[in-house]
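Each chain is listed here by its residues.
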Number of protein chains: 2
Amino acid sequence: MTSLTLYTPAGVLAQAQPLKRAAKRLAQLGFEVAIDESALAKHQRFGGDDETRLAALHRIAKASPSVALASRGGYGLTRLLDQINWKQLIKSTERGTRWVGQSDLTSLQLGMLAHAKDGQRPVSWAGPLACDDFGRSEEEGGMDEITQDCFTEAMSGALEAVGFRTEAGFEELGVRGTLWGGNLCVLNSLLGTPHFPKIKGGILFLEDINEHPYRVERSLLQLQQAGVLDAQKAVVLGDFSGWRKSPLDRGYSLKAAIEAVRAATRTPVLTGLPFGHVRTKVCLPVGAKAELYVQGREVLIGWASEHGHDNNHHHDHHDAPGHSHGH
Amino acid sequence: MTSLTLYTPAGVLAQAQPLKRAAKRLAQLGFEVAIDESALAKHQRFGGDDETRLAALHRIAKASPSVALASRGGYGLTRLLDQINWKQLIKSTERGTRWVGQSDLTSLQLGMLAHAKDGQRPVSWAGPLACDDFGRSEEEGGMDEITQDCFTEAMSGALEAVGFRTEAGFEELGVRGTLWGGNLCVLNSLLGTPHFPKIKGGILFLEDINEHPYRVERSLLQLQQAGVLDAQKAVVLGDFSGWRKSPLDRGYSLKAAIEAVRAATRTPVLTGLPFGHVRTKVCLPVGAKAELYVQGREVLIGWASEHGHDNNHHHDHHDAPGHSHGH
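All figures in this text were calculated on a predicted structure; none of them were measured in a lab. (Residues numbered from 1 in each chain as written. Chains lettered and ligands numbered in written order. Predicted model: local features only at pLDDT ≥ 70, side-chain atom pairs only at ≥ 80, totals over all residues. Heavy atoms only, no water.)

1. Here's the deal with the environment of W125(B)
Part 1 of the reasoning: Mapping W125(B) onto the fold places it in strand β5 (residues 124–126).
Part 2 of the reasoning: When the C-alpha atoms of W125(B) and V100(B) are compared, they prove to be 4.6 Å apart, with 25 residues separating the residues in sequence. (Helix = DSSP H or I, 4+ residues; strand = E, 2+ residues; numbered from the N terminus.)

2. Quick look at the confidence of the model for chain A
Part 1 of the reasoning: Summing up the model confidence of chain A, the mean pLDDT is 94 and the portion of residues at 70 or higher is 94%.
Part 2 of the reasoning: A low-confidence stretch, residues 309–327 of chain A (pLDDT under 50), is modelled with 60 contacts involving residues beyond four sequence positions or located in other chains. (pLDDT = per-residue confidence, 0-100. Contact = heavy atoms within 4.5 Å.)

3. Some details on the domain arrangement of chain A
Residues and elements named next belong to chain A.
Part 1 of the reasoning: On domain assignment, one finds that chain A holds domain 1 (2–143) and domain 2 (161–324).
Part 2 of the reasoning: Relative to domain 2, the C-alpha centre of domain 1 lies at a distance of 23 Å.
Part 3 of the reasoning: Across the boundary between the two partners, domain 1 contributes 28 residues, which contact 31 residues of domain 2.
Part 4 of the reasoning: In total, about 2,300 Å² of surface goes out of reach between domain 1 and domain 2, with carbon and sulfur atoms giving 59% of it.
Part 5 of the reasoning: If you look at where domain 1 meets domain 2, you find one salt bridge.
Part 6 of the reasoning: Put simply, K281 and D133 hold a salt bridge, and the shortest N to O gap is 2.5 Å.
Part 7 of the reasoning: Counting the contacts that link domain 1 with domain 2 gives 13 residue pairs in polar contact (both at pLDDT 80 or more).
Part 8 of the reasoning: Listing elements by their share of the side of domain 1 that touches domain 2, those giving two or more residues are α4 (106–114) and β5 (124–126).
Part 9 of the reasoning: Tallying contributions element by element places α4 first for the side of domain 1 that touches domain 2, with seven residues.
Part 10 of the reasoning: Residue composition of the side of domain 1 that touches domain 2, grouped by class: eleven nonpolar, eleven polar and six charged. (Domains from an automatic or database assignment. Buried area = accessible area lost by both parts, 1.4 Å probe. Salt bridge = Lys/Arg side-chain N within 4 Å of Asp/Glu carboxyl O. Polar contact = N/O pair within 3.5 Å; in protein donor to acceptor, adjacent residues only side chain to side chain. Nonpolar A, V, L, I, M, F, W, Y, C, P; charged D, E, K, R; others polar.)

4. A look at the sheet that holds strand β2 (residues 31–35) of chain A
Residues and elements named next belong to chain A.
Part 1 of the reasoning: If you trace the six strands from one edge of the open sheet to the other, you get β2-β1-β3-β4-β5-β11, paired in mixed fashion. This sheet does not close on itself; its edge strands, each paired only once, are β2 and β11 (284–286). Within this sheet the neighbouring strands show an average axis-to-axis angle of 30 degrees, counted without direction.
Part 2 of the reasoning: As paired strands, strand β3 (residues 67–70) and strand β4 (residues 98–101) are joined by three bridges and run parallel to one another. Across the sheet, the residue bridging to V67 is R98, located in β4.
Part 3 of the reasoning: Lying over the sheet, α4 contacts β1 (2–7), β4, β5 and β11, oriented at roughly 140 degrees with respect to β4.
Part 4 of the reasoning: Its contacts with the sheet place helix α6 (residues 145–156) against β1, β2, β3, β4 and β5, and it is angled at close to 165 degrees to β4. (Pairing = 2+ DSSP bridges. Axes fitted to C-alpha atoms, helices over the stretch in contact; angles between N-to-C directions.)

5. Regarding the relation of the copies chain A and chain B
Part 1 of the reasoning: When chain A is fitted to chain B, the residual RMSD is 0.0 Å, and the transformation amounts to a turn of 180 degrees plus an axial shift of 0.0 Å. Read as a symmetry element, the transformation amounts to a two-fold axis. Across chain A, the smallest distance between a C-alpha and the rotation axis is recorded for G192(A), namely 2.4 Å.
Part 2 of the reasoning: A high fraction, 100%, of the interface residues of chain A reappear at the interface in chain B, so the copies pair face to face through one surface. (Least-squares fit on C-alpha atoms with pLDDT ≥ 70 in both.)

6. Thoughts on the sheet that holds β5(B)
Two pairing modes exist for strands in a sheet, parallel and antiparallel, and in both the strands are linked by backbone hydrogen bonds.
Residues and elements named next belong to chain B.
Part 1 of the reasoning: Within the open sheet, the six strands sit side by side as β2-β1-β3-β4-β5-β11. Their pairing is mixed. Looking at which strands have only one partner, the edges of the open sheet turn out to be β2 (31–35) and β11 (284–286). Ignoring strand direction, the axes of neighbouring strands in this sheet form an average angle of 30 degrees.
Part 2 of the reasoning: In this fold helix α4 (residues 106–114) packs onto β1 (2–7), β4 (98–101), β5 and β11, with an angle of close to 140 degrees to the strand it touches most, β4.
Part 3 of the reasoning: Helix α6 (residues 145–156) rests against β1, β2, β3 (67–70), β4 and β5 of the sheet, and its axis sits at about 165 degrees to β4.

7. A look at the packing of helix α2 (residues 50–63) of chain B against helix α3 (residues 86–94) of chain B
Residues and elements named next belong to chain B.
Part 1 of the reasoning: In the contact formed by α2 and α3, the axes pass within 8 Å of each other and the chain directions differ by 35 degrees. Of the two possible hands of crossing, α2 and α3 adopt the one that is left-handed. Between α2 and α3, the contacting residues are L57, H58, A61 and K62 on the first element and Q88, L89 and S92 on the second.
Part 2 of the reasoning: A breakdown of the residues in the contact of α2 with α3 according to their chemical character gives three nonpolar, three polar and one charged. (Left-handed = near helix turned anticlockwise from the far one by under 90°.)

Listed below in structure tokens is the structure:
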């Protein structure tokens, strides 16, 4: 059985029910589920005070379960970044722990890359959150099947690629580099700090929620002006939704924002990655060496699976947003 | 007569009326008002396309009026930062041009400091915006008198201090350093880029609008983690309003956010500065050498006025939010 620990590193769980539903569903999927002792702790808007959440991170790193799945994001990891024992977290990944999550978890995942020593490659997984995804009630639409399948496959070590459809204009693009990224706001909140990883020649994926396109544009232009975008081989945009139009937009849109960013960087900026604050989301290994290939409008991001297949051979392509099954 | 040019460097003016009202009021105050030729240009949500707004900046820098007052903020300067002829802008300040504004203008004002050569000290003014302040109709409450008086005094070169009341706990604090700052989101959007000024031992003032306290906290902690807060002599917070409480806050508030920042930095963090997206706002010389003194709960931020007074003598203190008159 694959051991999986649920914990709460950032925002508070207002109710226990979604966590219980998530635990039950994950057990049904065959995981040996444990709930961290402070997963339901409450301090203002946080899942316990800073000491409590920090202790949970270190407790889990020490126990090194196969999977450490965050209950939800929210806000809270920023407060802990300067206190985290990064060596211990990185060590847990070397012992096989897969840290999974998204949103606020971006800072944990990128912090591990930033604090890795030469030769270390602490891979974590951008993917679902326990309550948001596995804890969704039937009235809330229930669990998304693609998200679930992609997660279980990734946690088994078999997932080696995800595929999706992008816009025209990137035909025959093929690049290799470190796959990294996450939530745009959280990623940018690391800029200028020791927790921002210095990755050159990478494949950078980004998503965000409730951010007007002018704010998305401002964040992406900051990355460009900081030298980050031009230093990548490709930028891949996931979901950017939940924002409201303003009467002042006058035709300005997410499309216009992306065009402005494309005009500023020499790096190709692709769209369409099924990732973000949406029901259907893939799992992506943050920090892994990956390849991105485009054939027509089909994009495949592949990496070496843990089952020993190399990732230089031909991958299956998928037309619909979703994931590619291990061979 | 003091020449004053109105221009639109960022967001579009949906209507001409506020600009006309501002021009009329500023003329009544004795300024020789000119409206830049592209002040009413429109491109999507911008006051003209990027080339148009960039040309306006350089045209005004070349003409070097006594005052260059932005019509409004919004979003737009980020797009221009890598193309601005900073040398030309800095030169205009040496010829006496006072660039005035706030919000998105923060990037212009801090960019000048970041691009200044050794020995250059390009001072600009954090202060009102033409349409938001001088263009306010009577139905919108009209012009704020303190804002107006502080502006006219600053533009005459006579303003040498602003005073306000802060919380208990900073009695007898006295520091000197470069006064700098502005809008928190915009300031943070420069982190990691060549447009962020490296100021040590300064007095950093910050404000923001429509940002939930957790976002304010995240931005301030980023500044701390980037080494910026600890490197300052004092941090002074202006207005942070317009945000909405969330059911998940559970007692978390702006006060809790400020407490978290105070726990993270050794630099005193004062509140109460009458500055931000509020009617009553002072003018502050960005980049000037300044002093901050606290007596009881009264804070005075002073600097050398252009009338040759040094700022080591005793200043008048003011109890109410507002500005201190030149001696």
